[in-house]
Every structure is written in C-alpha cells, then in structure tokens.
Amino acid sequence: MVKEWLERGRLLDVQINALIEERDRLFELATQSTLKTGEVRVQFSHQNCAEMSMVRYTHYSLQIDKLIDELVAVKREILITVAQVSDARFRTLLELRYISFYSWEKIAEEMSYTPRQIHRLHKKALDKVENIIECKA
C-alpha cells in the first residue's frame, strides 16, 4: 500500500510523457508543409486535417497542464511525508526514487551502495513511511 502511494508520481510522470509525445506528433502533423513524392495536394482536406490536429494538440496541452499540476501536488505530499523520516539515508533514497524517479541502479550509484543494499534500505524506508502515514490517519 505504501509503495503504491509513493508510486503515484512516477505513474503520472509516465502518463505526462506519453501525452507530450502524442501532442508533439499532432503538432508535427498540423504544421507539415511538405508533401511526399507522389502525393496529391487537396487543399480543403489538408486544412481540415491540420485544423483537427491543432484542436487535438490544444486538447492534449490542456490535459498535460492538468496532470502536471496533479504531479506537483503529489510530489509535494510525498516530500512532506518523506521529510518526517528521521534517517537521512532513507530520505535520500525515497527522494531519489519517488521524486526524481531514478532507477535502482542509479540510486545505488548516487548513494555508493550496492543494488542489494539499496533494496534492503528501501524496505526499511517503506516501513518508516508506513508508520508516518498510519499516524496521520
């Protein structure tokens, strides 16, 4: 349960990045001005396609903005909770994983631990966060 609570930010980040990729693809379609060899240009069809792409682009941009606001709120909530963990190693590990979205290998490298040690520390850090969350409830 605690791990899922902490993972909310990572899931939002993945969702935001997917929407950004799609939005950028739509922008490229909407602003495409060159034709591939052998294509016949139909002006009204191209305008409608470009117009629809821009409408979709705008829709995606609004969705992205909303999700970014949600991500900021989730990260803030996680940071407030993690700040209550007394052990600096646990706080660092939790921030690198759930705020910066580092991989386990990158965390191990940053903290000068083996991946196995990081996983052991992570389990203990999750227990500390669980205690903090339970005290709030």
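The coordinates are above.
Residues numbered from 1 in each chain as written. Predicted model: local features only at pLDDT ≥ 70, side-chain atom pairs only at ≥ 80, totals over all residues. Heavy atoms only, no water.

1. As for unusual backbone geometry
Excluding glycine, a negative phi dihedral is what most residues carry, and trans is how most peptide bonds are arranged. We apply this condition: Numbered from the N terminus, helices here are DSSP runs of H or I no shorter than four residues, and strands are runs of E no shorter than two. Think of it in three bands: with a 1.4 Å probe and only protein chains considered, a residue is buried below 20% of the maximum accessible area for its type, exposed above 50%, and partly exposed in between.
Phi is positive for Phe101, which is not a glycine, with a value near 60 degrees. Tracing the chain through its elements places Phe101 in the loop between α3 (88-98) and α4 (104-111). A residue is classified by how much of its surface remains accessible, and Phe101, at 17% relative accessible area, is buried. Of note in this structure, Ser112 is not a glycine but carries a positive phi near 60 degrees. Inspection of the secondary structure puts Ser112 in the loop between α4 and α5 (115-136). Assessed through its relative accessible area of 67%, Ser112 is described here as exposed.

2. Some points on the packing of α3 against α5
Convention followed: For every element, the axis is a line fit to its C-alpha atoms; helices are fit only across the contacting stretch, and the angle between N-to-C directions ranges from 0 to 180 degrees. Roughly parallel refers to an angle under 35 degrees, roughly antiparallel to one over 145, roughly perpendicular to one between 65 and 115, and oblique to any angle outside these ranges. Throughout, a contact is declared for two residues whenever any of their heavy atoms are within 4.5 Å.
At their nearest, the axes of α3 and α5 sit 9 Å apart, and the two run at 95 degrees to each other. Of the possible angle classes, the one that applies to α3 and α5 is roughly perpendicular. Contact residues: Arg89, Phe90, Leu93, Leu94 and Tyr98 in α3; Ile118, Leu121, His122, Lys124, Ala125, Leu126, Lys128 and Val129 in α5.

3. Re the nonpolar core
To be explicit about the condition: Here, the term nonpolar core denotes a set of buried Ala, Val, Leu, Ile, Met, Phe, Trp, Tyr and Cys residues that are joined through side-chain atoms within 4.5 Å.
The biggest cluster of nonpolar side chains holds 33 residues, and the ones touching the most others in it are Leu6, Ile78, Leu93, Leu94, Ile107, Ile118 and Val129. For this core, the secondary structure elements donating two or more residues are α1 (2-31), α2 (43-82), α3, α4 and α5. Those residues in contact with Ile107, other than ones at most four positions away along the chain, are Leu93, Leu96, Arg97, Tyr102 and Ile118.

Fair warning: the whole summary comes from geometry, so function is off the table for now.
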